[in-house]
Structures are given as structure tokens and as C-alpha cells.
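# Inside the fold
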Amino acid sequence: YILLTRAIYAPAVAALERAYAVHKLWQAADAAQLLHDVGPRIRALVTPGITGFTREQLDALPALEIVAMFGSNKTLDLSPARERGIPVTNTPDSISTGVADLAVGLMIASIRRTGECDRFIRAGLWPASVPPVGREVRGKVCGIVGLGKIGMAVAKRAIACDMTVRYQGPRRKADVDYPYHEDVLGLARESDCLVITCPLVPATRHLVDAKVLDALGADGFLVNVARGPIIDEDALIAALAEKRIAGAGLDVFRDEPRVPEALRALDNVVMTPHVGSTTFEIREGRK
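From a predicted model like this one, the values you see are computed outputs, not experimental measurements.

### Overview of the pairing of strand E3 (residues 44–48)
- For E3, the buried fraction is high: five of the five residues fall into the buried class.
- A two-sided burial pattern is seen for E3, the buried positions comprising Ala-44, Val-46 and Pro-48 on one face and Leu-45 and Thr-47 on the other.
- Two strands pair when backbone bridges link them, and strand E1 (residues 2–4) and E3 are joined in this way by three bridges, in the parallel orientation. Following the sheet pairing, Leu-3 is matched in E3 by Leu-45.

So this is what it looks like as C-alpha cells:
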């Protein structure tokens, strides 16, 4: 018996269902009742890294032998599993290039206003009207918050786009030549596009607040491929609506999969449904 906490890659679910009895927690009308009914028989828990697991969930699974996780488990509290000797697998390195590709894609889409141009054509406004005018990516400053594996991959791609790179993190990296900023506020002031790739930990929750957005300025863009709560979403919505920043590209949100109507109604934001690590190659384990 396997318990899935959230919808994952459909072919993977199909493969599991061919070999095991799979119970889908997110589809249950009463999740607590499902855990009560099938919990004693569950031997494996499958969950995305963003969802993780709780102590209460593990307590309801006395026969659990393994937690299989998509993505990284670095920011999760693993102590409930550790105390019971339950292994927790993860895929920390396989997603870096895919997430970086999407980050740069969202950056270019935001700066060039490709989402708005797509809607312009679909609405039948061309050629009777003039399409939205974007900006060039070349020559812009890409500020990266969190220069880990994903951040480094974003930097490599930004350099290929003739951008310059600056970064912020908990400490300066000795083997990196990009200019370093000790705080996000200073980085935002010097950036045309601020890209968030850091982990969500207590110190980074709402790291990007109204002050940082104002420092980014009316010509600045924000991209987030990390975790939604790193950004103060209410402050971001206000900054976008009031044109205090030029635009945003978002793959993650505060309360996924629920995205505020106020955010969905804005024209100057490009959104994807947390698909940074969702590629055919990653899901199929192909090079």
C-alpha cells in the first residue's frame, strides 16, 4: 500500500498503480478519515518536496518503511522519520538545470512581455492595434538571491544572454567572481531583474518585501522559482498593480495551488504552475 500526498507525474502514478494499491490523500473528502482507514497498511509515502510530510501523518502510518520524495528535503523537518529509522529519499541534483531553464524563460517572458503579446493575438487585436512593447534582455543586470546549484545555472544562462550577474546569499563564495551583496535590498537596487533561487527557511520567509520591491523599482522585474513564501505576496500584488515594478515571472506561490484572483487578473505577470522540475527528461530519468 502506497500513500500519495499530492498529484505527481501521471505516468509515474500509473506505474505505481500497476504494482501497488495507491491511495491519494489530496483527493480524499476527509484526509484524516483516509489516514485512519488505510494508515495501518501503508508501507510507502510518496510526496513532492514542497509538500513534505508532518509528524501527524507519520504517526498515522505505523507500518511505514520509506518516504520517497521528489526534489530536495533540505528544508524539511526530517526528525519524525529519523526517530523511527525511516529512510527519506530525494532528488536534489536532477532538477537544477530544468529549474534554471524555466527561471530564465520567465525572465525573458517578463522583460519581453511575451505573455501579454500572446493574449493580444488570441484576443484578435492584431493588426488593428499595436502590440505591447517589451525591453531588451541584453545589457541588463540579473541579481540572483541564493547562488547554489540552481542559482549558478541561472547565472550561466544569464551570461549567455549578455547580462551581467550579481548575487546575494548568507556568505560570499570564494570561487565566484560575480559582485556580492550582503543584503537583498542592496542587490535589488543594482538589479534589473531579481531572480529568487534560495531555499525557504525562517530567515528567508518574506525576504522580498515591499522595501525590496521598491528598491527594484518601476523598471525592475522579479522572478521566483524557489518557494512562494519567500516573497510577501500581498506586497508583490500591490507593487505590480501600482506599476512600482515592471513585471514578474512566478512558478511558485504562497498557497499553492490556490493563486489569488488579484494576482491572476494582472497583465504584467507571467505564471506557471510550479513546473520548474517538471520536464519529460527529469520525470523519465533520461539524459
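Next comes the rest of the account.
### Comments concerning the layout of surface pockets
- The calculated volume of the second largest pocket comes to roughly 240 Å³.
- The wall of the second largest pocket is formed by 19 residues, among which Arg-113, Glu-116, Ala-246, Gly-247 and Asn-268 lie closest to the centre.
- Counting residues per element, the ones that place at least two in the lining of the second largest pocket are helix H5 (96–112), helix H6 (114–122), strand E11 (247–250) and strand E12 (269–271).
- In terms of residue count, H6 provides more of the lining of the second largest pocket than any other element does, three residues in total.
- Within the lining of the second largest pocket, the residues separate by chemical class into nine nonpolar, four polar and six charged.

### A look at the pattern of salt bridges
- This model, assessed by the stated rule, comprises 16 salt bridges.
- The salt bridge involving Glu-256 is made with Arg-6; its shortest N-O contact spans 3.4 Å. Placement of the pair is Glu-256 in the loop between E11 and helix H11 (261–264) and Arg-6 in the loop between E1 and helix H1 (10–19), with a sequence separation of 250 residues.
- One salt bridge in this structure joins Arg-244 and Asp-214, with 2.5 Å as the shortest N-O distance.

### Remarks on the nonpolar core
- Of all hydrophobic cores here, the largest spans 31 residues; its most connected members are Met-107, Cys-142, Ile-144, Val-154, Val-195 and Val-223.
- Leave out the neighbours within four places in its chain, and Val-223 touches Ala-103, Leu-106, Met-107, Cys-193, Leu-194, Val-195, Ile-196 and Gly-249.
- By size, the runner-up hydrophobic cluster in this structure holds 29 residues, among which are Val-208, Ala-248, Leu-250 and Val-269.

Quick notes on the rules
Residues numbered from 1 in each chain as written. Predicted model: local features only at pLDDT ≥ 70, side-chain atom pairs only at ≥ 80, totals over all residues. Heavy atoms only, no water. Buried < 20%, exposed > 50% of the residue type's maximum accessible area, 1.4 Å probe, protein only. Helix = DSSP H or I, 4+ residues; strand = E, 2+ residues; numbered from the N terminus. Pairing = 2+ DSSP bridges. 1 Å grid on protein atoms, 1.4 Å probe; cavity = no way out; pocket = protein on both sides within 12 Å on 5 of 7 lines; lining within 4 Å. Points joined across faces, edges and corners; volume = space filled by probe spheres on them. Nonpolar A, V, L, I, M, F, W, Y, C, P; charged D, E, K, R; others polar. Salt bridge = Lys/Arg side-chain N within 4 Å of Asp/Glu carboxyl O. Core = buried A, V, L, I, M, F, W, Y, C linked by side-chain atoms within 4.5 Å. Contact = heavy atoms within 4.5 Å.

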